[in-house]
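# A look at the structure
What follows is each chain in one-letter form.
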Amino acid sequence: MKLLATTTLLAFFTTEAFRPDAFRPTFDRRLATAVRSTVSAGPSVLESVTSFGIVEPLAQAAAAAVRSVEIPVPSSVSPSLSVDITYIKWDAPTAGRGAPRPPPVLLVHGFDSSCLEYRRLGPELAARSGADVYAVDLLGWGFTTLDASVDYSAASKLTALRGFWDAVDGRPVVLAGASLGGASAILFGAESERVLGTVLIDAQGFVDGVGPMASLPGPLAFAGVSVLKSVPLRNAANKMSYADPDTFATEDALRVGRVHCVREGWDAAMVSFMKSGGFAPSAAVEKLADRPVLILWGRQDGILDGTEFVPKFEAALGAGSDVEVVWVEDSGHVPHLEQPETTADIIAEFLTSDKFLTSKEAAGAAQGESNNFPTLAVGVSAVAAAGLAATLVGGGIGGF
């Protein structure tokens, strides 16, 4: 039964080299206008979290810190030419003038998850690395725009992700993606010189597409996504996500992984994504080989077996590439939730190495060129995994 469940989840699992002058940000007038549209979404998200029965202090703090930014998108994404993207930012501790400072980090959540997934890692990483840390909701998931006129395909999710970064910061960045967020980070990084390096956390890099769900007719597709948000399925995946489910696979964790699913329009947005075919990152992995890559994997991951997938990453990136592999002990599929301090230390060491901080001038430039955006230094989020019934989609995963 466990093998069948694991296979089910795997079938759908979703959840240029560094240059010192690369820290120079680029903006245009259209994106500058989007920056001024940033507002706090915390009160409404916090109300959703508390009314859903979520009591974890870090989840509540993260919800209160959520902000929303209106970003420009092409008409192929939205006929209104804009969408609202939600996110959290944890500021780096104040550093002395001219002190070395690593590039900002953008955390991307897994399949059908939210920025609350990083409630535990975000503040720890900002404090330990000295970097500005962002966690963003992918379009159609989390607390972003849900509108029947918007396209929620994998391509639109990537377009909105790029637009988000242009709007809120714009500096060259280190991307970190967990599970399906790893697929997003791979595809973003493969096409952008602004991505200085990549952190892959138990990442989906070699599972392309969403299986049969992409070709299901509308009524069956809606039935499938209804199963995806069901308590029994989410609870099963919740327990599979951790090495220590008795401690971490709690009712509260289950609620954190489902809270965004009850929003009006979630079902249609999910069907839009499924019918687009989903992400296909495998061919893009090798394009990250010219920049530093950190592969971080829970030793006891029962969903994506690191002994199978880590060697695939190493082979695709090549022997001469700058790849570091670190195993997180006593952790399943979500080390950022199960071992957040250890995970933060590993990523902080990567960020503060000479891979990025090659000179005080480069670091000083990074420090001086951040947008003075409204930010909140509070705790991050939660999320892990849930699966779709094998008979409907051949597997799946959400976030807890």
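As the structure is a computational prediction, the values presented were derived from the model and not from experiment.

Turning our attention to the nonpolar core. Side chains of a nonpolar character, in soluble globular proteins, are inclined to be buried together. One finds Ile85, Leu106, Phe164, Met270, Phe273 and Met274 to be the most contacted residues of the largest nonpolar core, which totals 65 residues. When residues no more than four places from it in sequence are discounted, the contact partners of Leu106 are Tyr134, Val136, Leu161, Phe164, Trp165, Val173, Val174, Leu175 and Ala176. Membership of the second largest hydrophobic core comes to 42 residues, among which are Ala41, Val105, Leu121 and Val133.

Within helix H9 (residues 231-240), burial applies to Leu233, Arg234, Ala237, Asn238 and Met240. Take H9 and look down its axis: the buried residues cluster within an arc of 165°, on one side only.

Turning to unusual backbone geometry, a few remarks are in order. The backbone of Leu81 sits at a positive phi, close to 70°, despite the residue not being glycine. Of note in this structure, Ser179 is not a glycine but carries a positive phi near 55°. Along the chain, Ser179 turns up in the loop between strand E6 (173-178) and helix H7 (180-190). Note on Ser179: relative accessible area 3%, which makes it buried.

Sheet architecture is open: nine strands sit in the order E1-E2-E3-E5-E4-E6-E7-E8-E9, paired in mixed fashion. Of all strands in the sheet, those bounded by a partner on one side alone are strand E1 (39-40) and strand E9 (323-328). As paired elements, E1 and strand E2 (residues 67-72) share two bridges and run antiparallel to each other. Paired with Val39 across the strands is Ser68, a residue of E2. Of the strands in this sheet, strand E4 (105-108), E6, strand E7 (195-201), strand E8 (293-298) and E9 touch helix H15 (residues 340-351), which is tilted by about 170° from E8.

Let's shift gears to the environment of Ser129. In this fold, Ser129 is placed in helix H5 (residues 121-129). Taking C-alpha positions, Ser129 is 9.8 Å from Pro103, a pair spaced 26 residues apart along the chain. At a separation of 2.6 Å, a polar atom in the side chain of Ser129 contacts the main-chain carbonyl oxygen of Leu125. For Ser129, the side chain forms a polar contact with the main-chain nitrogen of Ala131, separated by 3.1 Å.

Calculation rules
Residues numbered from 1 in each chain as written. Predicted model: local features only at pLDDT ≥ 70, side-chain atom pairs only at ≥ 80, totals over all residues. Heavy atoms only, no water. Core = buried A, V, L, I, M, F, W, Y, C linked by side-chain atoms within 4.5 Å. Buried < 20%, exposed > 50% of the residue type's maximum accessible area, 1.4 Å probe, protein only. Contact = heavy atoms within 4.5 Å. Helix = DSSP H or I, 4+ residues; strand = E, 2+ residues; numbered from the N terminus. Arc of directions from axis to C-beta. Pairing = 2+ DSSP bridges. Axes fitted to C-alpha atoms, helices over the stretch in contact; angles between N-to-C directions. Polar contact = N/O pair within 3.5 Å; in protein donor to acceptor, adjacent residues only side chain to side chain.

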